[in-house]
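Observations on the model geometry
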Amino acid sequence: MSQAIATITLVVADYDEAIAFYCDKLGFDLLEDTALGGKRWVVVAPQGGGARVLLARAADERQRAVVGNQTGGRVMMFLETDDFARDHRRMLAAGVTFLEEPRHESYGTVAVFVDLYGNKWDLIEPRR
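Here's what I pulled together on the structure shown here. Per chain, the residues get numbers from 1 upward, laid out in the order the sequence is written. It should be noted that, the model being predicted, local features are given only for residues of pLDDT at least 70 and side-chain atom pairs only at 80 or more, the latter also being counted only at that level, while totals for whole chains, interfaces and linings use all residues. Side-chain measures here rest on the full set of heavy atoms in the structure, leaving out hydrogens and waters.

A closer look at the nonpolar core
What counts here: For our purposes a nonpolar core is just a set of buried Ala, Val, Leu, Ile, Met, Phe, Trp, Tyr and Cys residues, chained together by side-chain atoms within 4.5 Å. For every residue, the accessible area obtained with a 1.4 Å probe (protein chains only) is divided by the maximum for its type, and the residue is called buried under 20%, exposed over 50%, and partly exposed between those limits. Strands here mean DSSP runs of E at least two residues long; helices mean DSSP runs of H or I at least four residues long; both are numbered from the N terminus. Note on definitions: a residue-residue contact is assigned when non-hydrogen atoms from the two residues lie within 4.5 Å.
Counting residues in each nonpolar core, the largest one holds 29 residues, and the members touching the most others are Tyr 22, Leu 26, Leu 55, Phe 113 and Trp 121. Contributing elements (two or more residues each) for this core: strand E1 (7-12), helix H1 (15-25), strand E3 (39-45), strand E4 (52-57), strand E5 (75-80), helix H3 (84-93), strand E8 (108-114) and strand E9 (120-126). Looking at this core element by element, the count peaks at six residues for H1. In this structure, Phe 113 is in contact with Leu 26, Leu 79, Met 91, Val 96, Thr 97, Phe 98, Leu 99, Asn 119, Lys 120, Trp 121, Asp 122 and Leu 123, ignoring residues within four places of it in sequence.

So, the pattern of salt bridges
Spelled out, the test is: Salt bridges, as used here, are contacts in which a Lys or Arg side-chain nitrogen is within 4 Å of a carboxyl oxygen on Asp or Glu.
Under the counting rule described, the total for this entry stands at nine salt bridges. For Arg 64, the salt bridge goes to Glu 61, with nearest N and O atoms at 3.4 Å. Here Glu 61 and Arg 64 lie together in helix H2 (residues 61-64), a separation of three residues that amounts to about one turn. For Arg 64, a relative accessible area of 43% corresponds to the partly exposed category. Note on Glu 61: relative accessible area 57%, which makes it exposed. Close ionic contact of Glu 105 with Arg 103 constitutes a salt bridge, the shortest N to O distance being 2.9 Å. Here Glu 105 falls in the partly exposed class, since its relative accessible area comes to 26%. A network of salt bridges, in which partner residues are shared, links Asp 82, Arg 86, Asp 87 and Arg 90.

Describing the packing of aromatic side chains
Our working rule: Aromatic rings from Phe, Tyr and Trp, taking only the six-membered ring of Trp, are treated as a pair when their centres fall within 6.5 Å; an angle between ring planes under 30 degrees marks them as stacked, one over 60 as edge-to-face, and anything in between as tilted.
Taken as a whole, this structure holds six aromatic pairs when the rule is applied. On the basis of an interplanar angle of 45° and a centroid distance of 5.8 Å, the ring pair of Tyr 22 and Phe 28 is categorised as tilted. Relative accessible area serves as the criterion here: at 4%, Phe 28 is assigned to the buried category. When the ring of Phe 28 is compared with that of Trp 121, the centres are 6.3 Å apart and the planes differ by 65°; the resulting orientation is edge-to-face. Pair noted here: Phe 28 is in the loop between H1 and strand E2 (29-36) and Trp 121 is in strand E9, with a separation of 93 residues, a long-range link. Ring pairs connect the aromatic residues Phe 21, Tyr 22, Phe 28, Phe 98, Phe 113 and Trp 121, which therefore count as one cluster.

Remarks on the side chain of Asp 87
Rules: Definition of a polar contact: a pair of N or O atoms within 3.5 Å, with one able to donate and the other able to accept a hydrogen when the atoms are protein atoms, and with sequence-neighbouring residues admitted only if both atoms are side-chain atoms.
Considering the arrangement of structural elements, one finds Asp 87 in helix H3. Since its relative accessible area comes to 11%, Asp 87 is described here as buried. Looking at Asp 87, its side chain comes within polar contact range of the side chain of Thr 81, at 2.4 Å. Of the polar contacts made by the side chain of Asp 87, one reaches the side chain of Arg 86; its length is 2.9 Å. Among residues more than four places away in sequence, those in contact with Asp 87 are Thr 81 and Leu 123.

Here's what the structure looks like:
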């Protein structure tokens, strides 16, 4: 049996600002943007593949309350790269905020950055 996580949901405040951040600043591809009545089915993904991210606009006060803090302040996702220095430079130039300088750990090179809402991500080049 084979399984893979194909898509995860990220609750956002606004579709278009989220698309702009993930596509323009992180370099993700916009895979789908389909109108569904009063909402949209918006899917982005890193250019190298992996799990897709469904950008779901918060529909009510309960959902709006978790935008930017969907993991209680912990790192939410890990964006793996084959060239940390290249992607770190590109992301800094695009205005992505890193919370720390790059670290060289036993498992690879890593630095925490935040998305437009404050969710924490790791940019990581695993040691091979």
